[in-house]
Amino acid sequence: MIRALTPGRICRGTVAAIPSKSDAHRLLLCAALADAPTVIAVGEGELSADIHATMACIAALGGRVERTAQTLCVTPIDPAKLTAPVTCDCGESGSTARFLLPIAAVAGHVTPITLTGHGRLPQRPFAPLCDALRAGGADIDRDLLPITARGGLRAGEFTIAGNISSQYITGLLLALPLLEADSRITLTTPLESRGYVDMTLSTLARFGIRVKCDDAGWQVPASPYRSPGRITAEGDWSNAAFWLCAGAVSGTVSVRGLSAGSCQGDRRIADILRRFGAEVVSCGDTVTVSSAPLRGITLSVADIPDLVPILAVVAAAAEGETRFTDAGRLRLKESDRLATVSAMICALGGDARIEGDTLIVRGGKPLCGGRVESANDHRIAMSAAVAALLCTDGAELQGAEAVEKSYPAFWADYDRLCSTQI
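Residues numbered from 1 in each chain as written. Predicted model: local features only at pLDDT ≥ 70, side-chain atom pairs only at ≥ 80, totals over all residues. Heavy atoms only, no water.

Attention now goes to the packing of helix α9 (residues 308-317) against helix α10 (residues 337-347). For the pair α9 and α10, interaxial distance at closest approach is 10 Å and the crossing angle is 35°. Read as a crossing pair, α9 and α10 show a hand that is right-handed. Only R337, V341, M344 and I345 of α10 make contact with α9, whose side of the interface consists of P309, A312, V313 and A316. A class-by-class count of the residues in the contact of α9 with α10 yields seven nonpolar, no polar and one charged. (Axes fitted to C-alpha atoms, helices over the stretch in contact; angles between N-to-C directions. Helix = DSSP H or I, 4+ residues; strand = E, 2+ residues; numbered from the N terminus. Left-handed = near helix turned anticlockwise from the far one by under 90°. Contact = heavy atoms within 4.5 Å. Nonpolar A, V, L, I, M, F, W, Y, C, P; charged D, E, K, R; others polar.)

With that settled, consider the side chain of S95. By secondary structure assignment, the location of S95 is in helix α3 (residues 94-107). The contacts of S95, once residues within four sequence positions are left out, are H25 and Q167.

A separate point is the pairing of strand β15 (residues 279-283). Direction of pairing for β15 relative to strand β16 (residues 286-290): antiparallel, over a ladder of five bridges. The residue bridging V281 from the neighbouring strand is T288, located in β16. The turn joining β15 and β16, which pair antiparallel and follow one another in sequence, is formed by two residues; a positive phi near 65° is taken by G284. (Pairing = 2+ DSSP bridges.)

Summed over the entire model, instances satisfying the criterion amount to 24 salt bridges. Residue D306 pairs with R337 through a salt bridge whose shortest N-O separation is 3.2 Å. One end of the pair, D306, is in the loop between β17 (298-300) and α9; the other, R337, is in helix α10, and 31 residues separate them in sequence. As far as the burial class goes, D306 and R337 line up, both buried. (Salt bridge = Lys/Arg side-chain N within 4 Å of Asp/Glu carboxyl O. Buried < 20%, exposed > 50% of the residue type's maximum accessible area, 1.4 Å probe, protein only.)

Once that is clear, we can look at the pairing of strand β7 (residues 113-116). Two faces make up the sheet, and in a regular strand the side chains alternate between them. Strand direction decides the pairing type here: strand β6 (residues 86-89) and β7, joined by four bridges, are parallel. Its bridge partner being in β7, T87 is matched across the sheet by T114. Regarding the hand of the β-α-β motif, the stretch spanning β6, α3 and β7 is right-handed. Across three bridges, the pairing between β7 and strand β8 (residues 147-149) is antiparallel. Looking across to β8, one finds that T114 is bridged to T148. (Right-handed = clockwise from strand over helix to strand, strands pointing away.)

This next bit is on the packing of helix α1 (residues 21-32) against helix α6 (residues 194-206). One way to put it is that α1 packs onto α6 with a least axis distance of 10 Å and a crossing angle of 35°. Considering how the two elements wind past one another, α1 and α6 form a crossing that is right-handed. Residues S22, D23, R26, L27 and C30 of α1 lie in contact with α6, whose contacting residues are Y196, M199, T200, T203, L204 and R206. Taken together, the residues that form the contact of α1 with α6 break down as five nonpolar, three polar and three charged.

What follows concerns the sheet that holds strand β3 (residues 38-41). Across the sheet, which stays open at both edges, the four strands sit in the order β4-β5-β3-β13 with mixed pairing between neighbours. The outermost strands of the open sheet, each flanked by one partner alone, are β4 (64-67) and β13 (230-232). Averaged over all adjacent pairs, the angle separating strand axes in this sheet is 20°, with direction ignored. Bridge count for β3 against β13 is three bridges, and the pairing is parallel. Across the sheet, residue I40 finds its bridge partner in β13, namely I231.

A few words on the sheet that holds strand β20 (residues 358-363). Read across the open sheet, the four strands follow the order β17-β18-β20-β19; overall the sheet is mixed. Looking at strand neighbours, the two that pair on one side only are β17 and β19 (351-355), the edges of this open sheet. Adjacent strand axes in the sheet meet at a mean angle of 15°, parallel and antiparallel pairs treated alike. Pairing geometry for β17 and strand β18 (residues 320-325), over three bridges, is parallel. Across the sheet, L299 pairs through a bridge with F324, a residue of β18. The strands touched by α9 within the sheet are β17, β18 and β20, with β20 carrying the most contacts at an inclination of about 30°.

This paragraph deals with helix α7 (residues 237-249). Compared with an ideal rise of 1.5 Å per residue, which puts 13 residues at 18 Å, α7 spans 18 Å between its outermost C-alpha atoms and is within 8% of the ideal. Most of α7 is tucked away, with 13 of its 13 residues classed as buried. Near the N-terminus of α7, the side chain that reaches the backbone nitrogen of S238, with its oxygen 2.7 Å away, is that of D236. Phi turns positive one or two residues past the end of α7, at G251, with a value near 125°. (Expected span 1.5 Å × (residues − 1). Polar contact = N/O pair within 3.5 Å; in protein donor to acceptor, adjacent residues only side chain to side chain.)

This is the structure we're talking about:
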């Protein structure tokens, strides 16, 4: 879908944070492994394609997820229903596939479980996770989707790098409590995106599983999942960042429903925007950002790679040079985001370049507009929409439907908040 983006609009108003995709994935899978049904409060509105993928996989494994007006009612997986080989279609969701693979390595002894995917997901890396599972006794047939697991995973020590994908570690943390004895996860490199692992640990605790942490890794008990009965998904800081950054470059925007105490690493967006020079006010569960003169900064993004596309737009509006360092993992996302973020800024008349694992954006002048290709990447599509606020001429986005992956209501909210021209 091609969408024309009107230049020079001001973004004003208040929007409710959508449910955190990261939190919802974890809650759904823990609920699917629990001893009794769980009701997850997710509010109104359409769920993202990634969450639908996790729901469909739970159903394929013999569980059930029912949508009501504001909740998801999860009936746990019933192993007795696994009487024939199972295929779990993970869509384009890396979280779904990487969280489920270790679970399949446990449950696959009942019947083979195959994970499939679409888009760029079959090209995204799984080998480090597959190697760790094989070392633990699992029968895993290959390193790229489609992958079939036939069980065999045994309790013990699992070693894995911490600087490739925190999703690997989350997958292990979710699966290891299902084994016959306690296990350990040991990191071979420093951990990046720690906030996502902390979110997993918090979710496990809400389902009765207490993981012990130390400097080198985690001790994971063999323990049943206990349903809390009812639980609420957090508001999503990652998607709220698009509106907060829109306020920083053109207008004033408030996002409500955000927890300042969240484990989500992307909650750092408020502090980062303050560093750029934006006016940021937090009051209760609401964060308000207003535009102000912005200046370039240097920022390590090792723990917040998903914020880079929209922060690059802020950098384009900031006087001077901004350097996003430690950005190598961006190459392994829904697109090669080092390349696609740079291409987005340049396509709109900005100045961006890549030096090794660093993205450099020189800002301070209006963007002129142009044509952006989303590369089927939801964060590129939404970032381009915000970048149009900085343009003097029209912009056009190819692949605007990519937002369905994480934020189906994005365009409706965009049209409501960005309706006024300068």
